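Results of the structural survey
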Amino acid sequence: MSTEIKRAVCPYDCPTTCGFFVETDGNKIIKTIPDKNHPASQGILCRKMRKYEDSVNSDKRILKPLIRTGKKSGGEFREASWDEAVKLISGRWKEIIDENGPEAIAYCNYSGVMSDIQRNCGEAFFNYMGACSLVKTLCSTAKGVGYSNVVGKTSSLDPREIKDSDLYIIWGSNMMATSIQSMPDIINAKRDGKKIILVEPYAESMKQYCDEIILIKPGTDGALALAMMNVLVKHGFADEEFLRENADGYEEFKETLSEYSPEWAEGITGIPAKTIENFAAEYGRAKAPAIILGSGNSRYGNGAMTVRLITILSLFTGVWMNKGGGICGCAPIDTSYVNLKLINRTDFRQKPAKRININQLGTAIKDKEIKSLYVYGGNPANSVSNIKAVLEGLEREDIFTVVHERFMTDTAKYADVILPATFSVEQTDIYRSYGYCTLQTARKAVEPPGECKSNWDTFCLLAKEMGYEDEYFTRTEDEMFEFVLNNPTKAVEKLSYRERQELFNGGSVNMPFSDHTVWKTDSGKIKIVNEKLAESMPRYIESHGGEYPIKLISVPDVHTLNTVFTNNPNLSNKRGTMRLAIHSKDAEARGIKNKDRIICFNDLAEVEFEAFVTENIAKGTAAAVGTFRSEQTLNGLGVNALHHDRLSDMGEATTMNDNTVDIRLA
């Protein structure tokens, strides 16, 4: 049997966007091979992707269009042709538009596919239709807003730059699950005697890689940052000359710091004042410390302010001027690699439409003014907050739901029509990493099995049946790919001929690191005080919280980072049972022992877990580990059933870590 090696790119939600190769016999993928020369991943491929072929070749895949024959969520469907399915969908949509207008149609997608064309082409279709617009702020938008409120478009450290750091503060990041490609730098740094400090409510996954663990109450990270800056000023570690020259508002901000003492912060964060003093002094003495910032601490009602404060802290000793010093985990890219307007076509929309925030999808689709929902690249019945509201909306008999999907997910069970979808190796696209300065492309490696179609091909079919005649919808997938590359941004225009050809053929390009000391703000200075904000002066604000005694957070698992991976039985089996980590003191007070069946509850839902009793969690905190399909849960509900759909202080982002619960024995 002759085989061929082809390039591929990981399409899933991860800052690295790893490159790899696939071996194919021309019909299917046989093997996944790491790319040792990839500029970011350098041959490291996480366990979720090492056997990608198992998912691509799974006998559980949906291969033909399906039309519902039984009750919603009952899983009763019949096979149909694409022609029948597309005519049914377009017919219903035309009726809805005639009777209620296009804003009665909504769509939902997120990070099921992170490539540019396949992810964003649906936005163009629904812009043309005039349907509801989707606010896609499910992950870390508050983090991005908090960071940019201080430094604008100034880039943070690319993870490959932290090898030059002399102190590592891993702040709210389970790097083993979300940044595995940076772990060799952490392991090597510890071996070389550089100190690794972890600031985290739940430290189980990262404890073995760190020299010191600082357990913090969820949602109080901003108080710690303020207290550290209090100490830095008090003991002369703040680089005041740098701050006066480079920052707007330093002197005014400095005056507020006296109220944020370590003793004040101890009462809020649960961290002893002496620990805060020592931590701040150690940070102040470092020449090139790197704060490796996760996204978890931005998923609160104070999330944007929290990241704003941590970003200011990262600048407070002037270490951004030193190689390896600064903050890592925000935006390392200060320019555009792809002109997304060519893909999402915001110009198609003739007038503003009703906005639906993905975090509040349940509330939106319970509203009977919404008559249809189209889902692609997402699984909202499992992955957004207030799941019971989402399910209540999906159960409506009068909401016409179409799901474009590869497997029978929790969302697909509620569909009226299911359309079979492709994997990344079965389509052509462009990939931008959001954590590294890399740009990649991958051509289709194999033809899709059965009757599976990509997002692009599906929306073009629907557009034709709807009578949309714009040239955009007449292109093939490859033509759109080449159209985008032939209309490059300024950054891509600077690439060499060889690099441009690499992109056309399928490959990776390492874009240059940015200058982290050129402040890309309106004033050309760091914005400690930002007069454009309602909260111009940074300060501590409380999170949403709640009336129950235990703060609940969700943490990633190395096997099933999100619901995309729950369809792989090997990964799901290695992940194990749905666990809730709680501190031994909280467990003892409730008569709970390790591995007991417990009920975690609040005003939204009751969710059953297996107890994991540990000392590596802040007191008064519970951590739900990993994601699960409904049939993998213990009582049919996952942790998102316990999450309110309230939004962050800025960025309209998720507050999935900002909820309170209590726990009892099941």
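Anything mentioned here points back to the structure above.
Okay, so let's go over this structure. (Residues numbered from 1 in each chain as written. Predicted model: local features only at pLDDT ≥ 70, side-chain atom pairs only at ≥ 80, totals over all residues. Heavy atoms only, no water.)

Glancing now at the packing of helix α10 (residues 262-269) against helix α11 (residues 273-285). Two elements in contact, α10 and α11, have axes whose closest approach is 8 Å; the angle formed by their N-to-C orientations is 115 degrees. Crossing handedness for the pair α10 and α11: right-handed. Here P262, E263, A265, E266 and T269 of α10 lie close against α11, whose contacting residues are A273, I276 and E277. Each residue belonging to the contact of α10 with α11 can be placed in one class, and the counts come to 4 nonpolar, 1 polar and 3 charged. (Axes fitted to C-alpha atoms, helices over the stretch in contact; angles between N-to-C directions. Helix = DSSP H or I, 4+ residues; strand = E, 2+ residues; numbered from the N terminus. Left-handed = near helix turned anticlockwise from the far one by under 90°. Contact = heavy atoms within 4.5 Å. Nonpolar A, V, L, I, M, F, W, Y, C, P; charged D, E, K, R; others polar.)

Our focus in this paragraph is the pattern of salt bridges. Applying the stated rule across the entire model yields 41 salt bridges. With a shortest N-O distance of 3.0 Å, E451 and K64 are connected by a salt bridge. With E451 in the loop between β19 (438-442) and α17 (455-466) and K64 in the loop between α1 (52-56) and β4 (66-68), the pair connects residues that are 387 residues apart, well separated along the chain. A relative accessible area of 28% places E451 in the partly exposed class. (Salt bridge = Lys/Arg side-chain N within 4 Å of Asp/Glu carboxyl O. Buried < 20%, exposed > 50% of the residue type's maximum accessible area, 1.4 Å probe, protein only.)

Right, let's get into the sheet that holds strand β23 (residues 579-583). Spatially, the 6 strands close up into a barrel ordered β22-β26-β23-β25-β24-β27, and their pairing is mixed. Going from strand to strand, the sheet's axes swing by 45 degrees on average, the running direction of each strand aside. As defined by bridge partners, strand β24 (residues 597-601) adjoins strand β27 (residues 659-665) across 4 bridges and the pair is classed as antiparallel. In the strand pairing of β27, C600 is matched with I663. (Pairing = 2+ DSSP bridges.)

On to the environment of K194. Its place among the elements puts K194 in the loop between α6 (183-191) and β9 (195-200). Spatially, the C-alpha atom of K194 lies 9.2 Å from that of D211, the residues being 17 residues apart in sequence. If we ignore the near neighbours within four places in the chain, the residues touching K194 are K163, D164, S165, D166, Y168, A189 and D211.

It is worth spelling out the sheet that holds strand β13 (residues 326-328) at this point. In spatial order, the strands read β10-β9-β8-β12-β13; together these 5 strands make up an open sheet with parallel pairing. Two strands in the sheet have a free side with no partner beyond their single neighbour: β10 (212-215) and β13. Averaged over all neighbouring strand pairs, the angle between strand axes comes to 20 degrees, with direction disregarded. Note: strand β8 (residues 167-171) against β9, 5 bridges, orientation parallel. Within β9, the residue paired with L167 across the bridge is K195.

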